[in-house]
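Single-letter residue listing:
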Amino acid sequence: SNQPTSPKQSVGPDYRDEKQKPTATVSTAVPFENVHTLPQTPQLIALLTMIRDKNTDRADFIFYSNRIIRLLVEEGLNHLPVVEHAITTPVGRSYAGVQFQGKICGVSIMRAGEAMEQGLRECCRSVRIGKILIQRDEETSMPKLFYDKLPEDIADRWCLLLDPMFATGGSAIMAVDVLKSRGVPENRILFLNLLASPEGIENFAKRFPQLRIITAFVDQGLDEKNYIIPGLGDFGDRFYTM
Ligand code: PRP
Ligand code: URA
């Protein structure tokens, strides 16, 4: 195929000699300011190695994906605005801090996106969560919208859109169109995903230039069935039914 090869990088702590570090494939660079890729740390690369492996069983797949999801949520929250917040400590001193401003909600693209809800709840207690059921046609890869249920006041909230796999971008584009039709401005949507394809990012970033994408890894591309490569296979199947 004519896919570009993904970059390789030496991985490991800095006290190790460059020559001693192993080399691993890291996220492909993309030329869009609204795309934020998690730092390609040894932790993240090792976690992704676990979930990409076809021999990883379901229990491990769930465990390691949850760890990556947690990193994504923590990074996503860094993109929400904060205001000054001064407090007094138990020893009577003041500390000039910040606190989050504004309301948020999660919106998961079912089924695979539901796997990211727990990670969001662990970081944001009692967060509201909306659902959008979109399924990709197995033959044509075209997304189909079946159902949505979203918080009434979603237009006043920051939306964390959740879907682990960002392949052609068709499903995510459809979900964003639903959010926009309910009055959510594009610049208040953060799309969190584990694996993205350069093609999906390109489609999406051009269409929604103000929407932020937070991804763990931009992979090499798509195969003839529009699966992400090297990828990890069907996320929903591996998390829920395999
Ligand atoms: C998968 C995945 C995304 C979508 C990505 O879902 O979870 O929603 O495909 O592909 P796209 O970017 O090309 O649209 P699928 O429709 O297979 O349903 P599932 O979540 O139930 O597995
Ligand atoms: N959905 C998945 O679960 N995996 C892919 O590679 C593409 C879409």
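S.K.: When you look at the site of ligand 2 in this model, what are you seeing that I'm missing?
M.R.: Close to ligand 2 lie R136, M165, A167, N226, Y227, I228, G233, D234 and F235, which account for all nearby residues. For ligand 2, an oxygen atom lies 2.9 Å from a polar atom in the backbone of F235. With the chains in place, 88% of the 240 Å² that ligand 2 exposes on its own is no longer accessible. For the shell around ligand 2, the residue count by class is five nonpolar, two polar and two charged.

S.K.: So what exactly am I meant to see when it comes to the packing of helix α1 (residues 42-52) against helix α2 (residues 58-77) here?
M.R.: Think of two packed helices as two axes; the pair is described by the angle between the axes and how far apart they sit. Packing of α1 against α2 leaves a shortest axis separation of 9 Å and a crossing angle of 145°. Along this stretch, α1 crosses α2, giving a crossing that reads as left-handed. Contacts between α1 and α2 involve Q43, L44, L47, L48, M50 and I51 from the former and D60, F61, Y64, S65, R67, I68 and L71 from the latter. A breakdown of the residues in the contact of α1 with α2 according to their chemical character gives nine nonpolar, two polar and two charged.

S.K.: Honestly, the pairing of strand β12 (residues 212-218) in this entry has me stumped. Any pointers?
M.R.: For a regular strand, side chains alternate in direction, first toward one face of the sheet and then toward the other. Counting buried positions along β12 yields six of seven residues, so the element is predominantly enclosed. Note: strand β3 (residues 35-37) against β12, three bridges, orientation parallel. Paired with V35 across the bridge in β12 is I213. With six bridges joining them, strand β11 (residues 189-196) and β12 adopt parallel strand pairing.

S.K.: Quick question: what am I supposed to make of the packing of helix α4 (residues 170-181) against helix α5 (residues 198-207) here?
M.R.: Running from N to C, α4 and α5 point in directions that differ by 20°, and their axes come no closer than 10 Å. In terms of their interaxial angle, α4 and α5 are classed as roughly parallel. α4 and α5 meet at a crossing whose hand is right-handed. Residues A172, I173, V176 and D177 of α4 pack against N203, F204 and R207 of α5. Class assignment for the residues of the contact of α4 with α5 results in four nonpolar, one polar and two charged.

S.K.: Which parts of the structure should I look at to understand the site of ligand 1?
M.R.: Every one of the 15 residues lining ligand 1 counts as a neighbour, but R136, D163, T168, G169 and S171 are closest to it. Within the side chain of D163, one N or O atom sits 2.5 Å away from an oxygen atom of ligand 1. Counting residues per element, the ones that place at least two in the shell around ligand 1 are β7 (128-136), β10 (165-166) and α4.

S.K.: I tried to follow α4 on my own but got confused; where do I start?
M.R.: Since one α-helical turn is 3.6 residues long, residues separated by three or four positions face the same way. Taking 1.5 Å as the rise per residue, α4 with 12 residues should run 16 Å; its terminal C-alpha atoms sit 17 Å apart, in good agreement. Along α4, the residues classified as buried are G170, S171, A172, I173, A175, V176, V178 and L179.

S.K.: Looking at this structure, I do not really get the packing of aromatic side chains. What am I missing?
M.R.: What describes a pair of aromatic rings is the distance from one ring centre to the other and the angle between the planes of the rings. Summed over the entire model, instances satisfying the criterion amount to eight aromatic pairs. Taking the centre distance of 5.0 Å and the plane angle of 85° together, the rings of F63 and Y64 count as edge-to-face. Look at F204 and F208: their rings are 5.0 Å apart centre to centre, the planes differ by 75°, and that puts the pair in the edge-to-face class. Owing to a relative accessible area of 2%, F208 belongs among the buried residues under this scheme. In this structure an aromatic cluster arises from ring pairing among F61, F235, F239 and Y240. Of note, R136 hangs over the ring of Y227, and the distance from its end group to the ring centre comes to 5.7 Å.

Rules used in this analysis
- Residues numbered from 1 in each chain as written.
- Chains lettered and ligands numbered in written order.
- Predicted model: local features only at pLDDT ≥ 70, side-chain atom pairs only at ≥ 80, totals over all residues.
- Heavy atoms only, no water.
- Near = heavy atom within 4 Å.
- Polar contact = N/O pair within 3.5 Å; in protein donor to acceptor, adjacent residues only side chain to side chain.
- Areas by Shrake-Rupley, 256 points an atom, 1.4 Å probe, with all protein chains shown as cover.
- Nonpolar A, V, L, I, M, F, W, Y, C, P; charged D, E, K, R; others polar.
- Axes fitted to C-alpha atoms, helices over the stretch in contact; angles between N-to-C directions.
- Helix = DSSP H or I, 4+ residues; strand = E, 2+ residues; numbered from the N terminus.
- Left-handed = near helix turned anticlockwise from the far one by under 90°.
- Contact = heavy atoms within 4.5 Å.
- Buried < 20%, exposed > 50% of the residue type's maximum accessible area, 1.4 Å probe, protein only.
- Pairing = 2+ DSSP bridges.
- Parallel < 35°, antiparallel > 145°, perpendicular 65-115°, else oblique.
- Expected span 1.5 Å × (residues − 1).
- Phe/Tyr/Trp six-rings, centres within 6.5 Å; stacked < 30°, edge-to-face > 60°.
- Lys NZ or Arg CZ within 6 Å of the ring centre and 35° of its normal.

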